[in-house]
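Architecture and fold: a report
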Amino acid sequence: MTQPSRPQDGRAALASFVTNRLGRANARPSPAPAETRAPVANESAQDFEKLTGYRELRLQRSAADLIGLGNPFFRVHETRAGAQTRIEGQAYSNYSSYDYLGLNGHPAVSGAARKAIEAFGTSASASRIVAGERPGHLKLERALAAHYGTDACVIMVSGHATNVTAIGAMLEAPDVIFHDALIHNSVVTGAQLSGAQRRSFAHNDPAALEKLLEATRHEHRRALIVIEGLYSMDGDAPDLAAFVELKRRYECWLMVDDAHGLGVLGRTGAGLHEHCGVDAAEVDIWMGTLSKTLSSCGGYICGPSALIEYMKCTAGGFVYSVGMSPPLAAAAEAALSVMQAEPERVERLRRNGHQFLALAKKHGLNTGSSLGLAVIPIIIGDSLKAVTLSDRLFKRGINVQPIIHPAVPERSSRLRFFMTSEHTPEQIAQTVATVAEELSALETGATLIEQLMARRGA
């Protein structure tokens, strides 16, 4: 049984948390050689609290509780969370939603889901190989393939699993995967599953990739280059034409994870190819998710018919997973149709993002390399300060999540603002002004640690 913590334990936890997270302590000593380590007690072998990282997780929570910081994660939203939301009965300006074009709850989208439930229920009941197809699966796949101009498409029940499944199935030990250094975890996990060699290149740097290709491409059979459309942490985009040229010259496949690009990049929100003025057919594989602009859940791969047939018959994440829920497939297909019919939504999103970015820069806030579209970080450079700022903003009616180490390097800790087409100019102006005010208050007083420790009598 876990013993209750004492105040002095909490202060020690806070001190340890602060010094370790903010880099103000000496480096931790290297672990002792294996032969000198004390043997692990047998009774801990089945103790889940001994899981790697769990102790640090508890330490962080203890420190946050001690200094009066609320948990910014897993908050319960009591309504549809778009540009606004409601938490514990209070209204908030919301910047933690992927609903970029405001299509979640759109009458056409919700109506399509209701019709699918009436006809097919809420579940496909088994994998599509076992239970058979539903018309909505095929309709959505045809619509996505047509959007990217590819032969075919396969949809899967999870966006993360789509990358893991596809990359894990396509490549093997003799092959190699080249990916951007800031690529999504799902790509890295898929690469590890495949057994192929994995090499990363500097973020958005085709020249760095070219050096890797020149030095190592000849060592491998097949090669896959993976980049993203809009990077979800920084809000920037790659030079697609430069990567197309490299994949041609070095005989590689090129895969674009357009999860955050669809509905955001390009005049009509078509994605990275429209943003860069490149024919979508120049990309071998288009990947995306249904949980962002398309207001549903799941992922997709669009590409040549041979690849899609192979995925549907052999890829474990498809073959051994239940088929997509019929109402989710119907909702995504309807959302894609509304997006294509109402490009003014994309334009509103662009205006909102540009307004936020311009105001943030005017206030001297660090927005990194963001293009000012759907994703705009305010880089704080200090995990504790980022969490504290998020907490202060929440108390002033603004819901935005901190992104801290180890999700990003400590010096890159940030608040990440997701924009939607439904935010108002007044809402944006008030939000940026409040962020600047609260951040200034944090930086001009005593050091944050001194304030917090003094508050608790440490």
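Here is what the cut-offs are and how they apply
- The written sequence of each chain sets the order in which its residues are numbered from 1.
- Two thresholds apply to this predicted model, a pLDDT of at least 70 for residue-level local features and 80 or more for giving and counting side-chain atom pairs, whereas whole-chain, interface and lining totals are computed over all residues.
- To get the side-chain values, all heavy atoms of the structure are used, and hydrogens and water are removed first.
- Segments assigned H or I by DSSP are reported as helices when at least four residues long, segments assigned E as strands when at least two residues long, and all are numbered from the N terminus.
- Between buried and exposed lies partly exposed: a residue is buried under 20% and exposed over 50% of the maximum accessible area for its type, with that area taken using a 1.4 Å probe on protein chains only.
- We call two residues contacting when some pair of their heavy atoms lies within 4.5 Å.
- To measure how exposed things are, a 1.4 Å probe is used in the Shrake-Rupley method; for residues, cover is taken only from the protein chains shown.
- By construction, the arc corresponds to the directions joining the helix axis to the C-beta atoms.
- On a range of 0 to 100, pLDDT expresses the predictor's confidence in each residue.
- A pair of strands is treated as paired once DSSP finds two or more bridges between them.
- Here an axis means a line fitted to C-alpha atoms, over the contact stretch when the element is a helix, while the angle between two N-to-C directions is reported on a 0 to 180 degree scale.
- Side-chain rings of Phe, Tyr and Trp, where Trp is taken by its six-membered ring, are said to pair if the distance between their centres is within 6.5 Å; with planes under 30 degrees apart they count as stacked, over 60 as edge-to-face, and otherwise as tilted.
- Charge-over-ring contacts are defined here by two conditions on Lys NZ or Arg CZ: a distance within 6 Å of the ring centre and an angle within 35 degrees of the ring normal.
- To qualify as a nonpolar core, a set must consist of buried Ala, Val, Leu, Ile, Met, Phe, Trp, Tyr and Cys residues joined through side-chain atoms within 4.5 Å.
- The working definition used for a salt bridge is a side-chain nitrogen of Lys or Arg within 4 Å of a carboxyl oxygen of Asp or Glu.
- Working rule for angles: under 35 degrees goes down as roughly parallel, over 145 as roughly antiparallel, 65 to 115 as roughly perpendicular, anything else as oblique.
- In this scheme, a crossing is called left-handed if the near helix is turned counterclockwise away from the far one by less than a right angle; it is called right-handed if the turn is clockwise.
- Just so you know the grouping, Ala, Val, Leu, Ile, Met, Phe, Trp, Tyr, Cys and Pro go in nonpolar, Asp, Glu, Lys and Arg go in charged, and all remaining residues, Gly too, go in polar.

A few words now on the overall build of the protein chain. The helix and strand inventory of the protein chain stands at 17 helices and 13 strands. Scored against the burial criterion, the 458 residues of the protein chain give a buried share of 50%. Residue pairs at least 24 apart in sequence account for 70% of intrachain contacts in the protein chain once pairs closer than 6 positions are excluded. When the accessible surface of the protein chain is summed, it comes to about 21,300 Å², and 52% of that surface belongs to carbon and sulfur atoms.

Of all the positions in helix 11 (residues 305-314), only Leu307, Ile308 and Met311 are classed as buried. With its buried residues spanning 95 degrees around the axis, helix 11 presents them on a single face. Across helix 11 from its buried face, at more than 90 degrees, point the exposed residues Ala306, Glu309 and Cys313. On its buried face, helix 11 sits against strand 3 (152-156), helix 6 (159-170), strand 8 (285-289), strand 9 (299-303) and helix 12 (316-319).

Here the focus is the confidence of the model for the protein chain. Residues shown with low pLDDT carry predicted positions that ought not to be read at fine detail. For the protein chain, the average pLDDT comes to 88, and 86% of its residues sit at 70 or higher. In this model residues 21-30 is a low-confidence stretch, pLDDT under 50, and it forms 17 contacts with partners more than four residues away in sequence or in other chains.

Summarising the element assignment, phenylalanine 243 is placed in helix 9 (residues 240-249). Separated by 11 residues in the primary sequence, phenylalanine 243 and leucine 254 have C-alpha atoms spaced 7.8 Å apart. Beyond its immediate chain neighbours, meaning those up to four positions away, phenylalanine 243 contacts Phe201, Asp205, Pro206, Leu209, Ile225, Ile227, Pro238 and Leu254.

Take the sheet that holds strand 7 (residues 253-257) next. Strand order in the open sheet made by the 7 strands is 3-9-8-7-6-4-5, with mixed pairing throughout. On the outer flanks of this sheet lie strand 3 and strand 5 (197-201), each paired with one strand and no other. Ignoring which end each strand starts from, the neighbouring axes of this sheet average 20 degrees apart. Helix-sheet contacts for helix 5 (residues 135-148) involve strand 3, strand 8 and strand 9, and the interaxial angle to strand 3 is about 125 degrees. Against the sheet, helix 11 touches strand 3, strand 8 and strand 9, its axis set at about 30 degrees to strand 3.

This brings us to the packing of aromatic side chains. A complete count under the given rule lists 10 aromatic pairs for this structure. In textbook terms, an aromatic cluster arises when at least three aromatic residues are bridged by ring pairs, as seen for Tyr95, Phe356 and Phe417. Against the face of phenylalanine 394 rests arginine 75, its NZ or CZ located 3.5 Å from the ring centre. Against the face of tyrosine 98 rests lysine 292, its NZ or CZ located 4.7 Å from the ring centre.

Okay, the side chain of serine 413 next. Among the structural elements, serine 413 can be located in the loop between strand 12 (401-403) and strand 13 (414-418). Discounting chain neighbours no more than four positions away, the residues touching serine 413 are Ile379, Ile380, Gly381, Asp382, Ser383, Ala386, Ile403, Ile404, His405 and Val408.

Glancing now at the pairing of strand 13. In terms of burial, strand 13 is largely enclosed, as 5 of its 5 residues are buried. Burial along strand 13 is two-sided: the face carrying Arg414, Arg416 and Phe418 and the face carrying Leu415 and Phe417 are both buried. In the sheet, strand 10 (residues 375-379) pairs with strand 13 via 5 bridges, with the strands oriented antiparallel. Within strand 13, the position partnered with isoleucine 378 by the bridge is leucine 415. One ladder, built from 3 bridges, connects strand 12 with strand 13; its direction is antiparallel. Bridge pairing in strand 13 links proline 402 to leucine 415.

Right, let's get into the nonpolar core. Leu144, Ile227 and Leu240 are the most contacted members of the largest nonpolar core, which has 109 residues in total. At 9 residues, the largest contribution of residues to this core is made by helix 13 (residues 326-341).

Evaluated as defined, the whole model comprises 22 salt bridges. Note that aspartate 175 is salt-bridged to arginine 221, the shortest N-O span being 2.9 Å. Here arginine 221 lies in the loop between helix 8 (206-216) and strand 6 (223-228) and aspartate 175 lies in the loop between helix 6 and strand 4 (176-180), a separation of 46 residues in the sequence. Residue aspartate 175 is classed as buried on the basis of its relative accessible area of 0%. Glutamate 347 is the partner of arginine 350 in a salt bridge, and the nearest nitrogen-oxygen pair spans 3.3 Å. Of this pair, arginine 350 and glutamate 347 both sit in helix 14 (residues 344-362), separated by 3 residues, roughly a single helical turn. We classify glutamate 347 as partly exposed; its relative accessible area is 33%. In the salt-bridge network here, residues are joined through shared partners; they are Arg128, Glu133, Glu141 and Lys312.

Moving on, we come to the packing of helix 6 against helix 7 (residues 185-194). Relative to each other, helix 6 and helix 7 sit at 30 degrees, their axes nearing to 7 Å. Of the possible angle classes, the one that applies to helix 6 and helix 7 is roughly parallel. For helix 6 against helix 7, the interelement crossing comes out right-handed. The segment helix 6 lies against helix 7, with His160, Asn163, Val164, Ile167 and Gly168 engaging Asn185, Ser186, Val187, Thr189, Gly190, Ala191, Leu193 and Ser194. Looking at the contact of helix 6 with helix 7, its residues break down into 5 nonpolar, 8 polar and no charged.

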